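The lines below spell out each chain.
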Amino acid sequence: MADHGVSVLRWADTPEGPVLALLDQTKLPAREDELVCADAEDLVAAIRALSVRGAPLLGVAGGYGVALAAARGHDVAAAADRLASARPTAVNLAAGVRRVEQAYRTAIDGGADASGAAAVSLAEARKLHEEDAEASARMAQLGHGLLGDLVPRAPMRLLTHCNTGMLVSGGKGTAFGVVTEVHAAGELGRLWVDETRPLLQGARLTAYEATREGMPFSVLADGAAGSLFAAGEVDAVLIGADRIAADGSVANKVGSYPLAVLARHHGVPFVVVAPVTTVDLATAHGADIVVEQRPAEEVTHISSPYAPYHPDSQGERDGGIPMAPVGADAYNPAFDVTPPELVTAIVTERGVISPVTSETVAGLCSPSRTRTSRWGNGMMNA
């Protein structure tokens, strides 16, 4: 991928104090603008506006948000609580926040002063960032190997939903990271990119990344996916995840579940790619996953990153162009939940599990219950 003028996420020390600078994803693909967060409240607003998004990156951003509160001398516990609840479905966000908060508390309890504890917090956030990049690379390798077993033809025609690349990760991403590995090997025939209504993360963000990678791709309306399956034009579906329950149910961007149903009907592998931090053993079943409900205007209106730029927007969306009658109600869940029986495999940095069951998910989270996988040096839970 070509070098970006703006990092997806970076810590910066300025004369006014430390800040967290984000690539504002609401402005892509029109502009690569940075959104600067000077405190946790700024970051909460950016998370809710989807200026920063994607489960793994939310965990990293949340960790940096705690470090920012510590460095600024703010109430760390209050900042952590606000950040952890900014988006309820994405388990990585709360996990990253609590991990860095615990590092801060441990330092304070150990006798560190505020400055020393802030330094410990920042070091922990940076460690989390590095680990996510490493996990991304490992998942790409394991996912590529898995597809070699699952897909009998080359080049492969892969379908993806939402955005799962470098914009959601410290590295090359989750599902899109696997696609990048396939493309680098010369094995990608076509990437089918669901536009991903209502906010078009596929058309805006995945297409943006695919263009930079030089991939052969086509954007399609979400409702057109069925015709692709019927025509035999899809060899595998690759998606990410925002939360994986203990029974293997997968919460991901709304529209993922219909793809799983289509894939099962047509005998196409449906593969989930996500780091182990996305697995939430405390959530027993898919029905227990809290699904975030988003504002109705995201469905009743359409906004464009190519609209005239308002420099004071700070990541907030404009009202957009109304598409429905004034006052129309809307149903707008951010995610849906795919049951484990429709998931062919889950790829993590620790290995691949298939079939997806409560037992294999538990084994994935317990290294003592793993063995070497045929898909690489990762672990396959039997």
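Above: the structure in question.
None of the values given here were measured: they were computed from a predicted structure. (Residues numbered from 1 in each chain as written. Predicted model: local features only at pLDDT ≥ 70, side-chain atom pairs only at ≥ 80, totals over all residues. Heavy atoms only, no water.)

### Some details on the overall build of the protein
So, point 1. Secondary structure assignment for the protein yields eleven helices and 18 strands.
So, point 2. Rg of the C-alpha trace for the protein: 20 Å, near the compact-globule value of 21 Å for 382 residues, within the 12% margin.
So, point 3. When its C-alpha atoms are laid out on the principal axes, the protein stretches across 60 × 55 × 40 Å.
So, point 4. For the protein, with 382 residues in total, the buried portion stands at 54%. (Helix = DSSP H or I, 4+ residues; strand = E, 2+ residues; numbered from the N terminus. Rg over C-alpha atoms; globule rule 2.2 N^0.38 Å. Buried < 20%, exposed > 50% of the residue type's maximum accessible area, 1.4 Å probe, protein only.)

### Let's talk about the layout of surface pockets
So, point 1. Looking at the second largest pocket, its volume works out to about 230 Å³.
So, point 2. Looking at the second largest pocket, it is lined by 14 residues, and the ones nearest its centre are Arg99, Leu128, Glu131, Asp132 and Thr277.
So, point 3. For the lining of the second largest pocket, the secondary structure elements donating two or more residues are helix 2 (55–71), helix 4 (91–109) and helix 5 (114–150).
So, point 4. Broken down by class, the residue content of the lining of the second largest pocket amounts to six nonpolar, four polar and four charged. (1 Å grid on protein atoms, 1.4 Å probe; cavity = no way out; pocket = protein on both sides within 12 Å on 5 of 7 lines; lining within 4 Å. Points joined across faces, edges and corners; volume = space filled by probe spheres on them. Nonpolar A, V, L, I, M, F, W, Y, C, P; charged D, E, K, R; others polar.)

### Considerations on the side chain of Ser249
So, point 1. Tracing the backbone shows Ser249 in the loop between strand 8 (243–245) and strand 9 (250–253).
So, point 2. Taking relative accessible area as the criterion, Ser249 reaches 4% and is therefore assigned buried.
So, point 3. Side-chain polar atoms of Ser249 contact the backbone nitrogen of Gly286, separated by 3.4 Å. (Polar contact = N/O pair within 3.5 Å; in protein donor to acceptor, adjacent residues only side chain to side chain.)

### Some details on the packing of helix 1 (residues 40–48) against helix 3 (residues 76–84)
For any two helices packed against each other, the geometry is given by the interaxial angle and the distance between the axes.
So, point 1. Between helix 1 and helix 3, the least distance of the axes is 9 Å, while the angle of their chain directions is 5°. As the angle between them shows, helix 1 and helix 3 are arranged roughly parallel. Every residue of helix 3 that contacts helix 1 at Ala40, Glu41, Leu43, Val44, Ile47 and Arg48 is listed here: Ala79, Arg82 and Leu83.
So, point 2. Each residue belonging to the contact of helix 1 with helix 3 can be placed in one class, and the counts come to six nonpolar, no polar and three charged. (Axes fitted to C-alpha atoms, helices over the stretch in contact; angles between N-to-C directions. Parallel < 35°, antiparallel > 145°, perpendicular 65-115°, else oblique. Contact = heavy atoms within 4.5 Å.)

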